[in-house]
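Listed here are the chains, written in short residue letters.
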Amino acid sequence: MWSLGCVLYAFLVGKPPFSNPDVEEIYYKIKRTEYSIPDSISTEAADLIRRLLQPEMNLRISLEEVEFHPFFTPKRVSKMLA
């Protein structure tokens, strides 16, 4: 689920959530959950990303919960597919 959060972030923002030329710095950012979501990202998308990138695995959103998250409302999905 965490990887899905990284992919969703990259699709919507255009870059990975944790990026740096120094690999050690990337690991540090991941451990500290240091990323920012641009204001241009919808509230629903930002919430889903935050819940997917939750560092505590037992607190992270499940696949079943993702399916019913407000980001994936029928109206939004049909708009994305159009």
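For the structure itself, consult the block above.
Keep in mind the model is a prediction, meaning the values are calculated, not measured.

**Remarks on the side chain of arginine 60**
- You can see arginine 60 is positioned in the loop between helix 3 (43-52) and helix 4 (63-67).
- A polar contact is formed between the side chain of arginine 60 and the backbone oxygen of proline 55, at a distance of 3.3 Å.
- When residues no more than four places from it in sequence are discounted, the contact partners of arginine 60 are Met1, Trp2, Arg51, Leu52, Gln54, Pro55 and Glu65.

**Let's talk about the nonpolar core**
- Judged by nonpolar contacts, the single largest core of 17 residues is most densely connected at Tyr35, Ile37, Leu48 and Ile49.
- When contributions to this core are tallied by element, the ones reaching two or more residues are helix 1 (2-13) and helix 3.
- Considering each element in turn, this core owes the most residues, five residues, to helix 3.
- Each residue touching isoleucine 37, except ones within four places of it in the same chain, is listed here: Tyr9, Ala46, Ile49 and Arg50.

Procedures and definitions
- Residues numbered from 1 in each chain as written.
- Predicted model: local features only at pLDDT ≥ 70, side-chain atom pairs only at ≥ 80, totals over all residues.
- Heavy atoms only, no water.
- Helix = DSSP H or I, 4+ residues; strand = E, 2+ residues; numbered from the N terminus.
- Polar contact = N/O pair within 3.5 Å; in protein donor to acceptor, adjacent residues only side chain to side chain.
- Contact = heavy atoms within 4.5 Å.
- Core = buried A, V, L, I, M, F, W, Y, C linked by side-chain atoms within 4.5 Å.
- Buried < 20%, exposed > 50% of the residue type's maximum accessible area, 1.4 Å probe, protein only.

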